[in-house]
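Coordinate analysis (summary)
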Amino acid sequence: MIMIRKSGISALFLIATLLSVYAAGENTGEKKPVGIDFFTKVKGISNIEEKDGNIFFIVSQIKEEGGSIRDLYQLIDGKPVRLTSSGNVSDYFFEEGGNGIIFRNVRDEKDREKIKKGEQLTVFQKLSTGYQEAEEWLRLPFAAGQIEWIGKDRFFYTSSYSHHFELLLRESDGNRQEALKKKEENKGYRIFDELPFWSNGRGDVSGQRTHLYYYDKGKSTLLSDTFETVSSLKLSPDKKTLVYTSRKYYGKAPQSNHLVTLNAETLEKKEHPLFKEASYGGFHFLNDDELFLTINRSIEHDKSENAGFYRLHLRSGNISEIYDGAIYSSSGGSFTFDKDGARYLSTVVDRTHLLHLAYKDAKVTFLTKGDISVQNYLPYKDGFLLIATTGQQGEEIYFLDRKGGLSPLTSINTQLFAEHNVVEPVEITFTNREGRELNGYVLPPAGYEKGKKYPAILDIHGGPKSVYKASFFHEMQYWANQGYAVFFTNPTGSDGRGAEFADIRGKIGTIDYDDLMDFTDAVLKQTDFIDKERLGVTGGSYGGVMTNWIIGHTDHFKAAASQRSISSWQTFSNTSDIGHSFTYTYFGTDVWKNSELLWDRSPLKYADKVKTPTLFLHSDEDYRCWLEGGLQMYYALQYFEVPTRMIIFKGENHELSRSGKPQNRIKRLDEITKWFDKYLKAE
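Below you will find a few notes about this structure. (Residues numbered from 1 in each chain as written. Predicted model: local features only at pLDDT ≥ 70, side-chain atom pairs only at ≥ 80, totals over all residues. Heavy atoms only, no water.)

**Some details on the packing of aromatic side chains**
The tally for this structure, following the rule as stated, stands at 52 aromatic pairs. The interplanar angle of 65° and the centroid separation of 6.0 Å between the aromatic rings of Tyr 377 and Phe 384 together place this pair among those described as edge-to-face. With a relative accessible area of 5%, Tyr 377 lands in the buried category. For Phe 384, a relative accessible area of 11% translates into the label buried. An angle of 50° between the planes, with centres 5.0 Å apart, marks the rings of Trp 675 and Tyr 679 as tilted. Of this pair, Trp 675 and Tyr 679 both sit in helix α16 (residues 662–681), 4 residues apart, which is roughly one turn of that helix. (Phe/Tyr/Trp six-rings, centres within 6.5 Å; stacked < 30°, edge-to-face > 60°. Buried < 20%, exposed > 50% of the residue type's maximum accessible area, 1.4 Å probe, protein only. Helix = DSSP H or I, 4+ residues; strand = E, 2+ residues; numbered from the N terminus.)

**As for the nonpolar core**
Judged by nonpolar contacts, the single largest core of 54 residues is most densely connected at Ile 508, Ile 530, Met 546, Ile 550, Trp 569, Met 633 and Leu 637. Per-element accounting of this core gives the leading share, 7 residues, to helix α9 (residues 511–526). What Met 633 contacts, discounting residues up to four positions off in sequence, is Asn 548, Ile 551, Ser 567, Pro 603, Leu 604, Ala 607, Val 610 and Phe 616. (Core = buried A, V, L, I, M, F, W, Y, C linked by side-chain atoms within 4.5 Å. Contact = heavy atoms within 4.5 Å.)

**Some details on the pairing of strand β38 (residues 530–540)**
A large share of β38 lies buried, amounting to 8 of its 11 residues. Pairing analysis gives 5 bridges linking β38 to strand β39 (residues 559–563), with the strands arranged parallel. Bridging from a neighbouring strand, Gly 540 pairs with Gln 563 of β39. (Pairing = 2+ DSSP bridges.)

**Some remarks on helix α3 (residues 163–171)**
For an α-helix, 3.6 residues make a turn, and residues three or four places apart therefore share a direction. Burial in α3 covers these residues: Phe 165, Leu 168 and Leu 169. The arc enclosing the buried residues of α3, seen along the axis, measures out at 105°, which places them on a common side. Every exposed residue of α3 that faces more than 90 degrees away from the buried side is listed here: Arg 170 and Glu 171. Close packing links the buried residues of α3 with β12 (154–162) and α4 (176–185). Once α3 finishes, Asp 173 follows within two positions and takes phi at roughly 55°, a positive value. (Arc of directions from axis to C-beta.)

**Overview of a nonpolar patch on the surface**
Together, Tyr 635, Tyr 639 and Phe 640 make up a nonpolar patch on the protein surface, roughly 420 Å² of accessible area in all. The residue Tyr 635 is located in helix α14 (residues 628–639) in this model. On the accessibility criterion, Tyr 635 (62% relative accessible area) is exposed. (Patch = residues over 30% accessible without salt bridge, like charges linked within 9 Å, V, L, I, M, F, W, Y side chains within 5 Å. Areas by Shrake-Rupley, 256 points an atom, 1.4 Å probe, with all protein chains shown as cover. Salt bridge = Lys/Arg side-chain N within 4 Å of Asp/Glu carboxyl O.)

**Remarks on unusual backbone geometry**
The step from Leu 195 to Pro 196 runs through a cis peptide bond, and the omega angle for that step is -10°. Relative to the helices and strands, Pro 196 resides in the loop between α4 and β13 (198–199). Residue Pro 464 is reached from Gly 463 by a cis peptide bond, and omega for that bond is 10°. Although it is not a glycine, Lys 217 sits at a positive phi angle of roughly 50°. Looking at where Lys 217 falls in the secondary structure, it is placed in the loop between β15 (208–216) and β16 (219–222). Judged by relative accessible area, Lys 217 falls into the exposed class, the value being 60%. Phi at Ser 232 is positive, roughly 60°, even though this residue is not glycine. Position of Ser 232 relative to the elements: it lies in strand β17 (residues 228–235). On the basis of relative accessible area, Ser 232 is assigned to the partly exposed category, the value being 33%.

**Re the environment of His 353**
Looking at where His 353 falls in the secondary structure, it is placed in strand β27 (residues 351–358). Spatially, the C-alpha atom of His 353 lies 5.7 Å from that of Thr 368, the residues being 15 residues apart in sequence. Here His 353 is in contact with Tyr 344, Leu 345, Ser 346, Val 348, Phe 366, Thr 368, Lys 369, Gly 370 and Ile 372, once residues within four sequence places are set aside. Polar side-chain contacts of His 353 include one of 2.9 Å to the side chain of Thr 368. (Polar contact = N/O pair within 3.5 Å; in protein donor to acceptor, adjacent residues only side chain to side chain.)

Shown next as structure tokens:
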């Protein structure tokens, strides 16, 4: 059974959508095409907070040289008003007992130079009533990470620690400048003495830890062990109990962590061994002595599963499961509570909704519905403030009333999207070989002519426990504006359909591959504008794995672009920063116990069957899918005389397509597009 339908858009936004979203097959007039640099013009919204009825948030935009400009805004008379101008506001909070807004910001150029040279410093600025020029509020002689405030002069904080640098400091008799000089002299080599030895986006992490400290009137006290790393600090409402997670490892990183509480007065610690093997995620105080927390017990249960929701009474140690996490998936953060239950964000199929979970019977109720994906939310008046996207639009702030009505409060990205030729996706549903109905989407070529056939690109997401949402996705819209149809789906193993659907342990390259091929067949059957002889395939990370796998198992695609890929699970398991844990999670084994399974599921094994011209893109600091993955597959295809090309981005990592330098992101997309043009558009 195969059906096709247009994706739904709520009536409230129909007028705005008609103005800004291109309906397939219509003349778009003077609208601009979605260009290769469109992503640099889109603004992000985050960190929404409310105080005394006033709404605050951070707006960010990508800078040409990389990174982003981030400033604090307030919504005044329906318009966003910028309160800061430094461009580097990462977080903020409201001064207790006062009217100020506190945020981190090193403004002095001399201070910035000191930090560049390795000195440790954290500076907070304060915006007072009226929000004029900010003034320095607090200066700390260390680099503070997460902070839980008891008061301005008493708080807990985390800070990074390097065992290797500590040795240099000892050799220098505590002289930090001398130790920094020795560190600079040692740049000619790298030292690894534990797992993980590197981490994507962080570089070398052998010997690196995150320590917990207590600051009291100018004095800092170390509270964690040398080989311990802590995270997820949370202080109770009465500020008497700190809760956090801890990992201790000597050589090999553990798969689980520990839940720890600390008396804020005596600094006495207590570990809570609730389960034999568990990973504790987000937690929130329901009251001074009770926690709501998420716990993943995959290791204990020896299977892949979502985290469950639990309630823990700290004094008695009694713990009860509220919800087993079997359906949908939790975002892992942004929990709020009412007297009946918890509110949280969850990916449901291909959108992110705000849900309510009842304590009494674990009943899940949708608070948002329809064509919306929520990034963040906040209880406000008799409803909620949402940072969300609707249809194919950019992020905006909305008000959700108690009846589910949605009203836009901002139009930060509205004009940009209205001016451009944004294509509306067509939804396709199909039944896979397991008898489950799945869905996916097709973006028609912008301004396509009826009766004409166009090349098409299958785009595969990463993960595998990830999801392509029915939202605006730049590279797909760019290709649609370049005359391609683009189609995408969430095969078995993806997020949003529950733990059972996402569990493909030992099945990578089987049922997920079948889903992708069946979806491709459904797209070809139900559309009349795609040339089945001019199909391309691409994807990154897990999508790169599947691209490599597909070209070794079918000649259906005439060109491929494999991004940050894996070609051999055997080598991946011993080179990636998450190699051994990921391999166990998705295969339930390692190279010594069942190397045959890992090799059978490795695309490299089937490289001698490949006939598809393939472009490989990788980054030399990608420690998630290490460079060898792309190189091995590239080498094999060159050996078997298959047209191929390899591009390695210097100084970039696994996040190239999402947060890499703008010029490199543009180069990446341009190279992929030109590769498809060469093999799919050539006469």
